[in-house]
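Single-letter residue listing:
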Amino acid sequence: MVIITCPCKYPLWITDKRDNDEIEYIAFPRDYIEDVDGEIDVPEFEEIEEEGFDGKRHKYMAVLFQDPEDAYTKKYDVAEHIVVAGCHVETDGKKMKCKKKELFIVLHPIQEWEEHHMVKIR
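To start, this report covers the structure provided alongside it. Quantities reported herein were computed from a predicted structural model and do not represent experimental measurements. (Residues numbered from 1 in each chain as written. Predicted model: local features only at pLDDT ≥ 70, side-chain atom pairs only at ≥ 80, totals over all residues. Heavy atoms only, no water.)

1. Quick notes on the pattern of salt bridges
If you walk through the whole model with that rule in mind, you get four salt bridges. Here Glu49 ties to Arg57 by a salt bridge, and the two come within 3.4 Å at their closest N and O atoms. Between Lys75 and Glu50 there is a salt bridge, and its shortest N-O distance comes to 3.4 Å. Of this pair, Lys75 sits in strand β5 (residues 72–78) while Glu50 sits in strand β3 (residues 44–51), placing them 25 residues apart in sequence. Taking relative accessible area as the criterion, Glu50 reaches 24% and is therefore assigned partly exposed. (Salt bridge = Lys/Arg side-chain N within 4 Å of Asp/Glu carboxyl O. Helix = DSSP H or I, 4+ residues; strand = E, 2+ residues; numbered from the N terminus. Buried < 20%, exposed > 50% of the residue type's maximum accessible area, 1.4 Å probe, protein only.)

Below is the structure:
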């Protein structure tokens with residue numbers, strides 16, 4: 001049995017079903033919000049199927065923090081998650097330089113997403 005530990009503790013997708021209502025929230029840690037001066041770009045979420053680092057196709061919850069289209073990125077295997085990180089490239093002649101890496105996409109294995117990121121309040 002493989003236990004997947006998520007490399008990130010957010011976002012949490014909270015569904016509040018109290019008072020016969022259903023309200024959905026996306027939650028981030030207070031430290032994260034303070035680090036970005038309260039300016040949070042809400043990520044997009046999409047369930048997808050993608051080839052993992054094991055060469056097999058798996059279902060993932062894709063959390064798109066920013067569009068990687070015009071960026072220089074690499075995929076990393078982090079606790080069976082696929083993390084797409086990189087930077088918007090500044091060219092210096094023939095060299096590409098990343099002054100600071102940014103997070104673009106995290107693909108969470110769907111079972112891990114449902115068990116560790118989905119919170120239900122009843």
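The rest of the description comes next.
2. Remarks on the sheet that holds β5
Pairing is antiparallel across the open sheet formed by five strands, whose spatial order is β3-β4-β9-β6-β5. Here the strands that pair on one side only, and so sit at the sheet edges, are β3 and β5. Across the sheet, the mean angle separating the axes of adjacent strands is 25° when strand polarity is ignored. Bridge count between β3 and strand β4 (residues 57–64): eight bridges; the pairing is antiparallel. When the sheet's bridge partners are listed, Glu51 is paired in β4 with Arg57. (Pairing = 2+ DSSP bridges. Axes fitted to C-alpha atoms, helices over the stretch in contact; angles between N-to-C directions.)

Just distances and angles here, no functional claims.
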